[in-house]
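# Commentary on secondary and tertiary structure
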Amino acid sequence: MVLSMAVPLVLHILAAVIWVGGMFFAYMALRPAMGATLDPESRPRLWLHTLDRFFHWVWGCVAVLLITGLWMVFGVYGGMGSTGAYVHTMLALGLVMMALFAHVYFAPFRRLRQAVTVRHNADAAFQIGQIRRIVGINLLLGLLVISIAAAGPYF
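An unreviewed UniProt entry annotates the chain as Copper resistance protein D domain-containing protein originating from Alcanivorax xiamenensis.

The next subject is the nonpolar core. The biggest cluster of nonpolar side chains holds 38 residues, and the ones touching the most others in it are W19, M23, F55 and L112. The set of elements that each furnish at least two residues to this core consists of α1 (2-37), α2 (43-76), α3 (85-106), α4 (108-117) and α5 (121-151). Top element by residues in this core is α2. It accounts for 10 residues. The residues contacting F55, other than those within four sequence positions of it, are F101, V104, Y105 and F109.

All right, on to the pattern of salt bridges then. Counted according to the given criterion, the structure contains 1 salt bridge. Residue D52 is joined to R113 by a salt bridge in which the shortest nitrogen-to-oxygen separation is 3.0 Å. In this pair, D52 is assigned in helix α2 and R113 in helix α4, connecting sequence segments 61 residues apart. A relative accessible area of 22% places D52 in the partly exposed class.

With numbering aligned to this structure, UniProt lists the feature "domain: Copper resistance protein D" (unreviewed entry) at residues 49-151. Structurally, residues 49-151 is divided into 88% helix and 0% strand, and its ends, taken at the C-alpha atoms, are 36 Å apart.

The next point concerns a nonpolar patch on the surface. A cluster of nonpolar residues, V7, V10, L11, L14, I18, W57, V64, I67 and W71, forms a patch on the protein surface that exposes about 850 Å² of accessible area. Elements that contribute at least two residues to the nonpolar patch include exactly α1 and α2. Sort the elements by how many residues they give to the nonpolar patch and α1 lands first, with 5 residues. Relative to the helices and strands, I67 resides in helix α2. Judged by relative accessible area, I67 falls into the exposed class, the value being 59%.

Conventions adopted
Residues numbered from 1 in each chain as written. Predicted model: local features only at pLDDT ≥ 70, side-chain atom pairs only at ≥ 80, totals over all residues. Heavy atoms only, no water. Core = buried A, V, L, I, M, F, W, Y, C linked by side-chain atoms within 4.5 Å. Buried < 20%, exposed > 50% of the residue type's maximum accessible area, 1.4 Å probe, protein only. Helix = DSSP H or I, 4+ residues; strand = E, 2+ residues; numbered from the N terminus. Contact = heavy atoms within 4.5 Å. Salt bridge = Lys/Arg side-chain N within 4 Å of Asp/Glu carboxyl O. UniProt positions renumbered as here; feature names shortened; annotations may be inferred. Patch = residues over 30% accessible without salt bridge, like charges linked within 9 Å, V, L, I, M, F, W, Y side chains within 5 Å. Areas by Shrake-Rupley, 256 points an atom, 1.4 Å probe, with all protein chains shown as cover.

Given below as structure tokens:
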């Protein structure tokens, strides 16, 4: 079991670190730095290009998290009935995070792209605010899931 857990566990942790770490960086470092150094007209284009690159990584992370999580639950533990409540909680919160990300990608991010294309900065700023609020929620959920993953077996 130890060897069969190593590969999916490492991939799972790396995917979570990339996604949650990226949200932390964007929310806590990039956003304030952009506000302090760039004029408001420049920010939407930078956000669009930054998020476009990051979101490609997030889609990959979502796929890796789903595949490796299900691999561990069903391939190693034999199903959800053999896992602790903390695993059920992580799965539920992870699915909520994925749904929130899909919403961001297909709704405000799509509208941000359209606003930047036609240079409508007021609408672009509104969409960035929408994305920021949802990413803030997802960041908190991600930190909660990581905490549950680290401490869950000890509850």
